[in-house]
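Single-letter residue listing:
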Amino acid sequence: MSMSFSLRPAAQADGTFLADMVVEAANWRQGGAKPRHEVIAGSDYRRYVAGWKRPGDGGFVAVDHGSVPIGAAWYRVLARDEAGFGFVGVGVPELIIGVRPIWRAHGVGRALLQALCRDAREHGHGRISLSVERDNFARTLYRSEGFAIVRRDIGRDTMVKVLR
Ligand SMILES: CC(C)(COP(=O)(O)OP(=O)(O)OC[C@H]1O[C@@H](n2cnc3c(N)ncnc32)[C@H](O)[C@@H]1OP(=O)(O)O)[C@@H](O)C(=O)NCCC(=O)NCCS
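Residues numbered from 1 in each chain as written. Predicted model: local features only at pLDDT ≥ 70, side-chain atom pairs only at ≥ 80, totals over all residues. Heavy atoms only, no water.

Draft legend 1. Region of interest: the overall build of the protein. Along its length, the protein carries five helices and seven strands. Along the protein, helices (α) and strands (β) appear in the sequence β-α-α-α-β-β-β-α-β-α-β-β when read from the amino end. Relative to the 2.2 N^0.38 estimate, which gives 15 Å for 164 residues, the radius of gyration of the protein is 15 Å and therefore close to what a compact globule would have. Total accessible area computed for the protein in this model is approximately 8,300 Å², and 54% of it derives from carbon and sulfur atoms. In the protein, 24 side chains carry a positive charge and 17 a negative one; their mean positions are 4 Å apart. (Helix = DSSP H or I, 4+ residues; strand = E, 2+ residues; numbered from the N terminus. Rg over C-alpha atoms; globule rule 2.2 N^0.38 Å. Areas by Shrake-Rupley, 256 points an atom, 1.4 Å probe, with all protein chains shown as cover. Lys, Arg positive; Asp, Glu negative; His and termini not counted. Charge placed at Lys NZ, Arg CZ, Asp CG, Glu CD.)

Laid out in structure tokens, this is it:
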């Protein structure tokens, strides 16, 4: 298998794939097996994909050499009454990221994160936030990309990157 990939902006038609990546994020733990329909229907995760793509949403899809989607990262500005795990303030976008299991640890996640943060900055955002469980190695990736912990909850942290 060729390990080359490229990124493209996420389009309206990518909603189903983004939902798949929400399921990956919800099941990040080895052997995690929350059924797709439960994750998508649950209020914890639905807010990240419902009605994609809305004004103000931004995202990228990573595709393999055959244009098959292998990962995605996107952000949404959520209202206070639909606040996600990583809500830090009105108007601050929250990001979600997921990569297909066989494609992990090949640089796809870092490339997606960098493209997304650049895009958010270009759209005038001064900060971007996320929420990550405390034992998820993704924290190392986020820290190395300039995210810092701003809030500690039970088992999970909220991280923010200042976009300058
Ligand atoms: C988290 C995730 C998006 C990262 O994407 P990825 O393509 O695997 O990440 P990258 O290959 O760009 O790796 C970036 C860094 O992550 C870390 N990393 C990657 N795979 C790792 C692994 N298996 N174990 C420990 N650290 C790892 C390394 O620090 C790596 O840094 P390096 O570039 O110096 O090697 C992806 O692994 C994933 O989808 N995981 C499951 C869903 C999830 O946890 N989503 C986030 C919820 S907050």
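Draft legend 2. Here's a closer look at the site of the ligand. Around the ligand sit 21 residues, and of these Val 99, Ala 105, Gly 107, Gly 109 and Arg 110 come closest. Between an oxygen atom of the ligand and a side-chain N or O atom of Arg 104, the distance comes to 3.3 Å. At 2.8 Å, a backbone N or O of Arg 110 approaches an oxygen atom of the ligand. Bound to the protein, the ligand loses 72% of the 920 Å² it would expose on its own. For the ligand, the cavity whose grid points lie within 2 Å of the majority of its atoms is the largest pocket. At the level of elements, helix H1 (15-26), strand E4 (94-99), helix H4 (108-122), strand E5 (127-133) and helix H5 (138-144) are the ones that each hand at least two residues to the shell around the ligand. (Near = heavy atom within 4 Å. Polar contact = N/O pair within 3.5 Å; in protein donor to acceptor, adjacent residues only side chain to side chain. 1 Å grid on protein atoms, 1.4 Å probe; cavity = no way out; pocket = protein on both sides within 12 Å on 5 of 7 lines; lining within 4 Å. Sits in = over half its atoms within 2 Å of the grid points.)

Draft legend 3. Geometry of the side chain of Ser 129. With respect to the element layout, Ser 129 can be found in strand E5. Note on Ser 129: relative accessible area 0%, which makes it buried. At 2.6 Å, the side chain of Ser 129 and the backbone oxygen of Gly 86 are in polar contact. Among residues more than four places away in sequence, those in contact with Ser 129 are Gly 86, Val 88, Val 92, Pro 93, Glu 94, Leu 95, Met 159 and Val 160. (Buried < 20%, exposed > 50% of the residue type's maximum accessible area, 1.4 Å probe, protein only. Contact = heavy atoms within 4.5 Å.)

Draft legend 4. Quick look at H1. The first and last C-alpha atoms of H1 sit 16 Å apart over 12 residues, in line with the 16 Å expected at 1.5 Å per residue. Of all 12 residues in H1, 10 are buried, a share of seventy percent or more. Here H1 has its buried residues at Gly 15, Phe 17, Leu 18, Ala 19, Asp 20, Met 21, Val 22, Val 23, Glu 24 and Ala 26. For H1, the elements touching its buried residues are helix H2 (36-41), helix H3 (43-46), strand E2 (58-64), strand E3 (69-76) and E4. (Expected span 1.5 Å × (residues − 1).)

Draft legend 5. Summary view of the pairing of E3. Among the eight residues that make up E3, seven are buried, leaving the element largely enclosed by the rest of the structure. Of the strand pairs in this sheet, E2 and E3 are connected by six bridges, and their pairing is antiparallel. Each bridged residue has a counterpart across the sheet, and for Gly 58 the counterpart in E3 is Tyr 75. Taken together, E2 and the strand that follows it, E3, pair antiparallel across an intervening segment of four residues, in which Ser 67 is found at a positive phi of about 70°. As paired elements, E3 and E4 share six bridges and run antiparallel to each other. Its bridge partner lying in E4, Ala 72 is registered against Gly 98. (Pairing = 2+ DSSP bridges.)

Draft legend 6. Broad picture of the layout of surface pockets. Its volume calculated, the largest pocket comes out at about 730 Å³. Along its surface, the largest pocket is lined by 32 residues, and Ile 97, Gly 98, Asn 136, Ala 138 and Tyr 142 are the ones closest to its centre. Breaking the lining of the largest pocket down by element, the ones donating at least two residues are H1, E4, H4, E5 and H5. In terms of residue class, the lining of the largest pocket is built from 19 nonpolar, six polar and seven charged. (Points joined across faces, edges and corners; volume = space filled by probe spheres on them. Nonpolar A, V, L, I, M, F, W, Y, C, P; charged D, E, K, R; others polar.)

Draft legend 7. Fine view of H4. The end-to-end C-alpha distance of H4 is 21 Å, a good match for the 21 Å that 15 residues give at a rise of 1.5 Å each. Restricting attention to buried positions, one finds in H4 the residues Val 108, Gly 109, Leu 112, Leu 113, Ala 115, Leu 116, Cys 117, Asp 119 and Ala 120. Gly 124 sits one or two positions beyond H4 and adopts a positive phi of about 90°.

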